[in-house]
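# Residue-level structure breakdown
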Amino acid sequence: MSVSPVLRATGLSALALGSVLALSGCGAITSLIGGGNVFDISVGDCFVESEMDAAFATGEVSDVPLVDCAEEHDAEVYYTEDLPEGDFPGTESVNASTEEICYGDNFTDFVGVSYDESEIYAGALFPTEESWNQMDDREVACYLTTSGEMVTGTLSGANR
């Protein structure tokens, strides 16, 4: 599974999504193999983005540093979807699917406004060829981030 920031739609989003980057662009992620919770991320899970950055900067991660959403955080998983079974479709195809899954109706349904109108950013955890082939990883996990502005509770219906 890989992590990618998803930037405001200014023509850079496709480039950013096409890169395999840590949450704030700290470095390339080559694999996330382990027995922790990284493959169990679900809607409603919250975290502090800088803590996630630090965890992913080590290269291999098995545990995502989740926090209770009632505590201060700046990121929340808002949607997950499995990509279809079969051979790895290629990085470009996974990136395109991730962009469609995370930027469109799923974002609007959760936040209450479209991604282009929102002040909230989105990012995604998505399968790499290695995680697809070795761990049968098909999940795209979309998350919201306020990029450092700490919040408590959910961002569902934030309308911003």
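A brief structural summary.

Criteria and thresholds
- Residues numbered from 1 in each chain as written.
- Predicted model: local features only at pLDDT ≥ 70, side-chain atom pairs only at ≥ 80, totals over all residues.
- Heavy atoms only, no water.
- Disulfide = S-S within 2.5 Å.
- Helix = DSSP H or I, 4+ residues; strand = E, 2+ residues; numbered from the N terminus.
- Buried < 20%, exposed > 50% of the residue type's maximum accessible area, 1.4 Å probe, protein only.
- Polar contact = N/O pair within 3.5 Å; in protein donor to acceptor, adjacent residues only side chain to side chain.
- Contact = heavy atoms within 4.5 Å.
- Pairing = 2+ DSSP bridges.
- Salt bridge = Lys/Arg side-chain N within 4 Å of Asp/Glu carboxyl O.

## Quick word on the state of the cysteines
This structure, assessed with the given rule, holds 2 disulfides. Bridging Cys46 to Cys69, the disulfide has an S-S length of 1.8 Å. Taking the sign of the S-S torsion, about 100 degrees here, the bridge from Cys46 to Cys69 comes out right-handed. Placement of Cys46 in strand S2 (residues 46-47) and of Cys69 in the loop between strand S3 (66-67) and strand S4 (75-82) is noted, with a sequence separation of 23 residues between them. One exposure class covers both Cys46 and Cys69, and it is buried. Covalently, Cys102 is tied to Cys142 through a disulfide, its sulfur atoms 2.0 Å apart. Here Cys102 and Cys142 share a disulfide; its torsion about the S-S bond, -80 degrees, makes the bridge left-handed. A residue pair is termed long-range when its members are at least 10 positions apart, and Cys102 in helix H3 (residues 91-103) and Cys142 in strand S6 (residues 139-145) qualify at 40 residues. Judged by relative accessible area, Cys102 falls into the buried class, the value being 1%. Overall, the relative accessible area of 0% leaves Cys142 in the buried class.

## A word on the side chain of Arg138
The topology assignment puts Arg138 in the loop between helix H5 (129-135) and S6. Overall, Arg138 belongs to the buried group, its relative accessible area being 9%. Here Asp136 takes part through its side chain, which lies 3.1 Å from a polar atom of the side chain of Arg138. Aside from chain neighbours lying at most four places away, what touches Arg138 is Glu81, Asp82, Leu83, Pro84, Glu85, Gly86, Pro127 and Trp132.

## A short note on the pairing of S4
The pairing of S2 with S4 spans 2 bridges and is classified as antiparallel. Within S4, the position partnered with Phe47 by the bridge is Ala75. The pairing of S4 with S6 spans 7 bridges and is classified as antiparallel. Residue pairing in the sheet places Tyr79 in a bridge with Cys142 of S6.

## Here's the deal with the pattern of salt bridges
Pairs can form between side chains of opposite charge once their charged atoms are near each other. The tally for this structure, following the rule as stated, stands at 3 salt bridges. Notably, a salt bridge pairs Glu85 with Arg138, separated by 3.8 Å at the nearest N-O pair. Here Glu85 is found in the loop between S4 and H3, whereas its partner Arg138 is found in the loop between H5 and S6, with 53 residues between them in sequence. Here Arg138 ties to Asp136 by a salt bridge, and the two come within 3.1 Å at their closest N and O atoms. Each of Glu85, Asp136 and Arg138 takes part in one network of salt bridges that share partners.

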